[in-house]
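One-letter residues, chain by chain:
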Amino acid sequence: MTDTRFTITLAQLNPTVGDIAGNAAMARVARAQAARDAADLIVFPELFIAGYPPEDLVLKPSFQAACRAAIEQLARDTADDGPAVLIGTPWVDAGKLYNACLLLDGGRIAAIRYKVNLPNYGVFDEKRVFARGPVSGPMTIRGVRIGVPICEDTWLEESEDYENVVECLAETGAEFLIVPNGSPYARGKTDLRLSVSVARVTESDLPLLYLNQVGGQDELVFDGASFVLNADRTLGAQLPAFAESVTTLQLIKSAAGWRCDGPIAQVLDGDAGDYAACVLGLRDYVQKNGFPGVLMGVSGGIDSALCAAIAVDALGAERVRGVMLPFRFTAQVSLDDAADLATRLGIRYEVLPIAAAVNGFEEILAGTFKGLPRDITEENLQARTRGTLLMAISNKTGAMVVTTGNKSEMSVGYATLYGDMNGGFNPIKDIYKTEVFRLCTLRNAWKPDGALGPAGEVIPVNIITRPPTAELRENQTDQDSLPPYDVLDAILERLVEREEPLSKIFEAGFDRDTVVRIERLLNIAEYKRRQAAPGVKVTRKNFGRDRRYPITNKFRDPGKELPAPDDPLVTRASRASSDAFEG
């Protein structure tokens, strides 16, 4: 038997939501490269022409029409006998809006497939905007039958709503699977994607090409990391993470079936993946929204140091401005460390003392505050003065303020509204304080590919080893108000990511009073988080798209086990309740 070859180009690219013309132009450039590689087919990620996720923008009829017009023009382009195109787009059919993948070939739209299983959890809300598509068989592309399940069509396990799209494709003659995705980065996601895909390969006995987009979209970062699994579950190709890649692969069909043996790139995960995600998320937020650069308060502390390093790696030193805003509680070591950091990173740096402004506010308020003791109000005046000055510089220069609070602080409200929370974007919003320390140490020993900052020890070691402090009063440290960060973060991870009841956290050995206090702070800080800047998501559950709690909320975990659903007491109570309604 003579081996058959099918050449596929995977276009792991970075689209921009709403930039239909720009995304179409990007597709043409990639197709030209695929043509030079003599590809039969080029594949683009989920909803590529619109950008993903388009959210409610996709409901605008004018947006739908613009996407359709762009697709129809791309279809006409394929009359040149070059590669066929498999591309994602919103598509209206019989008055319903679908998440679609279209095959463009021979100058026409040759086939259409709709996403069947629409995700409605975590950051996803597709059931709200898209109609559920029918289960369909494979497409025939240049004589090869290819199954095209779209993202969630390979992710869900059996349930009442779930349609087994992969099983249907295998039963109707698909020779291999191409899966266009919009799968955001989260810590540990690489292994999860691989395990889900291995399960689909195992049940279908078909090779699977998993194509993911790359780039930042508001809080979400898409890491790419596309891959190919052969039918024997071996890795046939691995594209890089956090970088665009237009890669042409050969699939060869022998008596044993289709197989790919392509390049295997390194994939970042863990702390390195988190750091790379923060860099890419900040870079794309700034670039795609048209900011000339960024500025931030540089305090000599570890959070602003990490954010400064991320900003320089994302944008280059010439587009980053650091401002030290000292008051009388600012230690000389903070001034020295901030200046040292700025020198190592090569950023523009200036010192603007705030005493005159803070004293002026206190003088204005003296009559209003007469007879009242000094308290946290005066501390917050310092933070709000700093926030006002940074926003003024932003207003004058157009540079976006980067806010630098970590997830530990955002969880318990250890931040000042209209003060250190001021800003347009926060690259470490989903990074706990203990992880901030780890990422600083990591960055001093490693620089990710594509980073624009200098190599080596860019964050002074003294910033990493010095006890964290807000410096809003004499000899203040964070641990005056909070438990040690290793304890705090362990409790918060259980409360936020795992949603564990207090009783289970007590059983794990954590101090009862500390847990109760932290849970209370977490609840009452919701109003602050609702007003916080967006920031990169790296954990399973971030504050924002993942965790949407009401601000006005009287529920508190009682801290004890409640009766199980099959407890006789619950059964009796349920019956009594039902009888009452019926009577």
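What you are looking at is a predicted structure, and each value in this text was computed from that prediction instead of being measured.

Participant: So, the overall build of the protein: which residues are in play, and what are the values?
Facilitator: The helix and strand inventory of the protein stands at 17 helices and 19 strands. Relative to the globule expectation of 25 Å for 583 residues, the C-alpha radius of gyration of the protein, 27 Å, shows essentially globular dimensions. Counting over 583 residues, the protein shows a buried share of 54%. Taking contacts inside the protein between residues at least 6 apart in sequence as the whole, the part at least 24 apart equals 74%. In the protein, 63 positive and 78 negative side-chain charges are present, and the distance between their average locations comes to 3 Å.

Participant: Give a detailed account of the state of the cysteines, specifying residues and quantitative values.
Facilitator: Inspection of every chain in the model, using the stated rule, returns zero disulfides. Counting only cysteine sulfurs, cysteine 278 is the nearest neighbor of cysteine 307, a cysteine outside any disulfide, at a range of 8.2 Å. Relative accessible area serves as the criterion here: at 0%, cysteine 307 is assigned to the buried category. Cysteine cysteine 440 shares no disulfide, and the gap to the nearest cysteine sulfur, in cysteine 307, comes to 9.0 Å.

Participant: Run through the pattern of salt bridges, naming residues and quoting values.
Facilitator: Where charged atoms of side chains with opposite charge meet at close range, the side chains can pair. The tally for this structure, following the rule as stated, stands at 30 salt bridges. Residue arginine 31 pairs with aspartate 80 through a salt bridge whose shortest N-O separation is 2.7 Å. Highlighted residues: arginine 31 in helix α1 (residues 20–36) and aspartate 80 in the loop between α2 (61–77) and β3 (84–93), separated in sequence by 49 residues. Glutamate 72 is paired through a salt bridge with arginine 68; the nearest N and O atoms lie 3.3 Å apart. Placement of both glutamate 72 and arginine 68 in helix α2 is noted, with a separation of four residues, approximately one turn of the helix. When salt bridges that share partners are traced, they join Glu493, Arg494, Arg498, Glu500 and Arg540 into one network.

Participant: Report on unusual backbone geometry, specifying residues and quantitative values.
Facilitator: For residues other than glycine, phi is negative in most cases, and the peptide bonds are mostly trans. A cis geometry characterises the amide bond from tyrosine 52 onward to proline 53, with omega recorded as -5°. Topologically, proline 53 is positioned in the loop between β2 (41–43) and α2. At alanine 94, a position not held by glycine, the phi torsion is positive, near 55°. For alanine 94, the position within the fold is in the loop between β3 and β4 (96–105). Its identity is not glycine, yet glutamate 499 carries a phi of approximately 55°, on the positive side. For glutamate 499, the position within the fold is in the loop between α13 (485–497) and α14 (502–507). By relative accessible area, which is 33% here, glutamate 499 ends up partly exposed.

Participant: Outline the sheet that holds β4, supporting the account with residue identities and numerical values.
Facilitator: The strands making up a sheet associate through backbone hydrogen bonding, with each pair oriented either parallel or antiparallel. Strand order in the open sheet formed by seven strands is β5-β4-β3-β2-β1-β14-β15, with mixed pairing between adjacent strands. Two strands bound the open sheet, and with one partner strand each, they are β5 (108–114) and β15 (257–260). Taking the axes of each pair of neighbouring strands and ignoring which way they run, one obtains an average angle of 35° across the sheet. Across three bridges, β2 lies against β3 in parallel orientation. Paired with valine 43 across the strands is leucine 86, a residue of β3.

Participant: Describe in detail the pairing of strand β7 (residues 144–147), supporting the description with residues and values.
Facilitator: In this structure, strand β6 (residues 139–141) lies alongside β7, joined through three bridges in antiparallel fashion. By the bridge assignment for β7, threonine 140 is matched with arginine 145. What sits between β6 and β7 in their antiparallel hairpin is a turn of two residues, with arginine 142 showing a positive phi close to 50°. Taken together, the two bridges between β7 and strand β8 (residues 176–181) define a ladder with parallel strand orientation. Paired with glycine 147 across the two strands is leucine 177, which belongs to β8.

Participant: Explain the environment of glutamate 318 to me, and be specific about the residues and the numbers.
Facilitator: Following the sequence through the fold, glutamate 318 ends up in the loop between α6 (302–315) and β17 (320–324). Between the alpha carbons of glutamate 318 and tyrosine 549 there is a distance of 40 Å; along the sequence they are 231 residues apart.

Participant: Break down the packing of aromatic side chains for me, citing the residues and quoting the values.
Facilitator: Geometry of an aromatic ring pair is reported as the spacing of the ring centres plus the angle between the planes. Within the structure shown, the criterion is met by 10 aromatic pairs. Three or more aromatic residues joined by ring pairs make a cluster, and in this case those are Phe6, Phe176 and Trp258. It is arginine 68 that lies over the ring of tryptophan 91; its NZ or CZ is 4.0 Å from the centre.

Participant: Describe the pairing of β15, naming the residues involved and giving the relevant values.
Facilitator: Pairing analysis gives four bridges linking strand β14 (residues 245–254) to β15, with the strands arranged antiparallel. Each residue of the ladder has a partner; that of serine 254, found in β15, is glycine 257. Once β14 ends, the chain turns through two residues before running back antiparallel as β15.

Participant: Any chance you could break down the sheet that holds strand β19 (residues 400–401) for me, citing the residues and the numbers?
Facilitator: Judged by pairing direction, the sheet is parallel, and its four strands sit side by side in the order β18-β17-β16-β19 without closing on themselves. For this open sheet the edge positions go to β18 (348–351) and β19, each flanked by a neighbour on one side alone. Pairing between strand β16 (residues 294–297) and β17: four bridges, direction parallel. Bridging across to β17, leucine 295 finds its partner in arginine 321. Lying over the sheet, α6 contacts β16 and β17, oriented at roughly 170° with respect to β16. Along the sheet face, helix α9 (residues 376–397) touches β16, β17 and β19 and points at about 165° away from the line of β16.

Participant: Please give an account of the nonpolar core that cites residues and values.
Facilitator: Counting residues in each nonpolar core, the largest one holds 53 residues, and the members touching the most others are Phe242, Leu282 and Ile459. Counting residues per element, the ones that place at least two in this core are α5 (270–288), β16, α6, β17, α7 (332–345), α11 (433–445) and α12 (461–465). Here this core gets 11 residues from one element, more than from any other, and that element is α6. Those residues in contact with isoleucine 459 that lie beyond four places of it in its chain are Ala305, Leu306, Ala309, Leu341, Arg344, Cys440, Asn444 and Ile464. Counting residues in hydrophobic clusters, the runner-up holds 43 residues, among them Ile8, Leu209, Phe227 and Trp258.

Participant: Could you give an account of helix α15 (residues 512–524), naming the residues involved and the relevant values?
Facilitator: Compared with the 18 Å implied by 1.5 Å per residue over 13 residues, the 19 Å span of α15 between its first and last C-alpha is a close match. Within the sequence span of α15, burial applies to Val515, Ile518, Glu519, Leu521, Leu522 and Asn523. Lining the buried residues of α15 we find α10 (407–412), α13, α14 and α16 (526–530). Two to three positions downstream of the cap, the backbone nitrogen of aspartate 513 sits 3.3 Å from a side-chain oxygen, assigning the N-cap of α15 to aspartate 511.

Reading guide: rules and limits
Residues numbered from 1 in each chain as written. Predicted model: local features only at pLDDT ≥ 70, side-chain atom pairs only at ≥ 80, totals over all residues. Heavy atoms only, no water. Helix = DSSP H or I, 4+ residues; strand = E, 2+ residues; numbered from the N terminus. Rg over C-alpha atoms; globule rule 2.2 N^0.38 Å. Buried < 20%, exposed > 50% of the residue type's maximum accessible area, 1.4 Å probe, protein only. Contact = heavy atoms within 4.5 Å. Lys, Arg positive; Asp, Glu negative; His and termini not counted. Charge placed at Lys NZ, Arg CZ, Asp CG, Glu CD. Disulfide = S-S within 2.5 Å. Salt bridge = Lys/Arg side-chain N within 4 Å of Asp/Glu carboxyl O. Pairing = 2+ DSSP bridges. Axes fitted to C-alpha atoms, helices over the stretch in contact; angles between N-to-C directions. Phe/Tyr/Trp six-rings, centres within 6.5 Å; stacked < 30°, edge-to-face > 60°. Lys NZ or Arg CZ within 6 Å of the ring centre and 35° of its normal. Core = buried A, V, L, I, M, F, W, Y, C linked by side-chain atoms within 4.5 Å. Expected span 1.5 Å × (residues − 1). Polar contact = N/O pair within 3.5 Å; in protein donor to acceptor, adjacent residues only side chain to side chain.

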